[in-house]
Amino acid sequence: IFDRELLNAIKRAQNIDDKSKLELFEYRFFKNVGYTTLSRKFLRYFFARIEHYLADNIKRATKTFHQFVVQAQGKEVHHIEHIVARNEENLKIFNNDEEEFEIQRNRLGALLIFKGKDNISSNNETFKDKLKTYDNSGILLAESLCENFYKSKLDFTNFIKSEKLNFKSYDKFGENEIEERHKLLFEISKKIWIDD
């Protein structure tokens, strides 16, 4: 009943014909979600759920939800990390279009959860330098951006193959890579919130 009412509210809000088939988990509702549309606490919760889903499926320990989401100070505090830092090199990737740059860097596909001090230290780094920070960081979503991660993590590679999840490393991170990563997070979200 709740799902039906929610879908009806979405149809009304988006002026969608009542006869149109609408699913709750459609990519078009997910496509533009990110840093500017969700609260920081919810984003930390979202990425904590992703991290736990991955860690649980490969039998790897990870931080608690409290450490990821609630803890606001100390050495275990976590921030939302922008993979695409605000710098001239990254702005050029988006043809110096400031508006498009902001839209893309704030999408879920261009974000992850990261330990506070590490996030601060990698603040304006180029993507290549960020990869060095992400490598062996203890955050699976960050480590999965790095090529070395796939060489020795057979549990992870077997898991993503069996679940048909499009994880891969990147040597650059622009609009196409953000879209791929965003779609990946959508697929994982479906597995967490629909399949479980």
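Residues numbered from 1 in each chain as written. Predicted model: local features only at pLDDT ≥ 70, side-chain atom pairs only at ≥ 80, totals over all residues. Heavy atoms only, no water.

Q: For the overall build of the chain, give the residues involved together with the corresponding values.
A: Secondary structure summary: the chain contains 11 helices and two strands in total. Along the chain direction, N to C, the helices and strands of the chain fall in the order α-α-α-α-β-α-α-β-α-α-α-α-α. Across the 196 residues in the chain, those meeting the buried criterion constitute 44%. Here the contacts in the chain between residues at least 6 apart in sequence split such that 63% fall between residues at least 24 apart. (Helix = DSSP H or I, 4+ residues; strand = E, 2+ residues; numbered from the N terminus. Buried < 20%, exposed > 50% of the residue type's maximum accessible area, 1.4 Å probe, protein only. Contact = heavy atoms within 4.5 Å.)

Q: Quick rundown of unusual backbone geometry? Include the residues and the values.
A: One non-glycine residue, Lys59, adopts positive backbone phi at about 60°. Locating Lys59 in the fold gives a position in the loop between α3 (40-57) and α4 (65-70).

Q: So what about the environment of Thr36? Which residues, and what values?
A: Within the secondary structure, Thr36 sits in the loop between α2 (27-30) and α3. In sequence terms Thr36 and Asn106 are 70 residues apart; their C-alpha atoms lie 6.6 Å from each other.

Q: Summarise the environment of Val77; cite the residues concerned and give the values.
A: Structurally, the position occupied by Val77 is in the loop between α4 and β1 (78-82). Overall, Val77 belongs to the buried group, its relative accessible area being 14%. Considered as a pair, Val77 and Phe114 are 37 residues apart in the sequence and their alpha carbons are 8.7 Å apart.

Q: Got a sec to walk through the pairing of strand β2 (residues 111-115)? Specific residues and values, please.
A: Two faces make up the sheet, and in a regular strand the side chains alternate between them. Of all five residues making up β2, four are buried, and the element is well covered by its neighbours. Where β1 meets β2, five bridges bridge the pair, whose relative direction is antiparallel. Paired with His79 across the two strands is Phe114, which belongs to β2. (Pairing = 2+ DSSP bridges.)

Q: Please set out the packing of aromatic side chains residue by residue, giving values where relevant.
A: Under the definition given, this model contains 17 aromatic pairs. A centroid spacing of 6.0 Å and a plane angle of 50° characterise the contact between Phe42 and Tyr45, whose relative ring orientation is tilted. Here Phe42 and its partner Tyr45 are both found in helix α3, three residues apart, which amounts to about one turn of the helix. By relative accessible area, Phe42 is classed as partly exposed at 37%. Owing to a relative accessible area of 29%, Tyr45 belongs among the partly exposed residues under this scheme. The rings of Tyr27, Phe30, Phe46, Phe47, Phe186 and Trp193 are connected pair by pair, giving a single aromatic cluster. Above the plane of the ring of Tyr35 lies Arg40, whose end atom (NZ or CZ) is 3.8 Å from the centre. In this arrangement the basic side chain of Lys183 is found over the ring face of Tyr27, its NZ or CZ atom lying 5.9 Å from the centre. (Phe/Tyr/Trp six-rings, centres within 6.5 Å; stacked < 30°, edge-to-face > 60°. Lys NZ or Arg CZ within 6 Å of the ring centre and 35° of its normal.)

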